Amino acid sequence: MAFFRVERVTPLSPAEAWRRLTDWERHGQVVPLTEVTVSGSPPYGEGTVFTPRSGIGRFAFDDPMEVVVWRPPRAERSGLCRLVKHGSVVTGWAEIEVHARGRGSRVVWREELRVRGVPRFADPVVARVASRMFGRAATALLAGRDRPPEGPPS
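A short tour of the structure in this document, coming up. In this text, all values refer to a predicted model and were calculated from it rather than measured experimentally. (Residues numbered from 1 in each chain as written. Predicted model: local features only at pLDDT ≥ 70, side-chain atom pairs only at ≥ 80, totals over all residues. Heavy atoms only, no water.)

### Considerations on the overall build of the chain
Here's step 1: When you go through the chain residue by residue, the secondary structure sums to three helices and eight strands.
Here's step 2: When its helices and strands are written in sequence order, the chain yields β-α-α-β-β-β-β-β-β-β-α.
Here's step 3: The globule rule puts the C-alpha radius of gyration for 154 residues at 15 Å, and the 15 Å found for the chain is close to it.
Here's step 4: Burial analysis of the chain (154 residues in total) assigns 48% to the buried set.
Here's step 5: Taking all contacts inside the chain whose residues are at least 6 apart in sequence as the whole, residues at least 24 apart take part in 46%.
Here's step 6: Accessible area of the chain: about 8,300 Å², with a carbon and sulfur share of 55%.
Here's step 7: Charge separation in the chain, taken as the distance between the mean sites of 24 positive and 17 negative side-chain charges, equals 5 Å. (Helix = DSSP H or I, 4+ residues; strand = E, 2+ residues; numbered from the N terminus. Rg over C-alpha atoms; globule rule 2.2 N^0.38 Å. Buried < 20%, exposed > 50% of the residue type's maximum accessible area, 1.4 Å probe, protein only. Contact = heavy atoms within 4.5 Å. Areas by Shrake-Rupley, 256 points an atom, 1.4 Å probe, with all protein chains shown as cover. Lys, Arg positive; Asp, Glu negative; His and termini not counted. Charge placed at Lys NZ, Arg CZ, Asp CG, Glu CD.)

Here's what the structure looks like:
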């Protein structure tokens, strides 16, 4: 399994950072070559299933995920969302934590994934690529942009 961790600090309140990071449809706007469909309607919570479809034409694949923990931030506690990936190509889990930090927030995005057909010795490369891609996506989501920033991730 390839593991990565991304951290971001933002002036956004924990509630606003949470809202932006768990707006599943927007992930499709910031992750290249990806569209996202979501079952149900907001507010999403445990049991919500959403499916990013990544790629082009016959080289696209679905990456269905289920929200298994949904604990939005409150004044007295940090927020935690845990996703389980149920895809035929990508499996694993992801967690998004939102912590109060001064007048803003600190976000921690952790993910462990396995890409079927990719040998385990390539896990460090998969982790670096995923960390870069999801780091850029987190930055764009928190900034309210529709696509990742140009250049190296911050």
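### Let's talk about the pairing of strand 5 (residues 65-71)
Here's step 1: Of the pairings in the sheet, the one linking strand 3 (residues 49-54) to strand 5 comprises two bridges and is antiparallel in character. Paired with Phe50 across the bridge in strand 5 is Met65.
Here's step 2: Bridge count between strand 5 and strand 6 (residues 79-86): six bridges; the pairing is antiparallel. Across the sheet, residue Arg71 finds its bridge partner in strand 6, namely Leu80. (Pairing = 2+ DSSP bridges.)

### What to know about the pairing of strand 8 (residues 104-115)
Here's step 1: Across the 12 residues of strand 8, nine count as buried, placing the element largely inside the fold.
Here's step 2: Of the pairings in the sheet, the one linking strand 1 (residues 2-10) to strand 8 comprises nine bridges and is antiparallel in character. Following the sheet pairing, Arg5 is matched in strand 8 by Arg110.
Here's step 3: Across 12 bridges, the pairing between strand 7 (residues 90-101) and strand 8 is antiparallel. Across the sheet, the residue bridging to Val90 is Val115, located in strand 8.
Here's step 4: Joining the antiparallel neighbours strand 7 and strand 8 is a turn of two residues, in which Gly102 adopts a positive phi near 60°.

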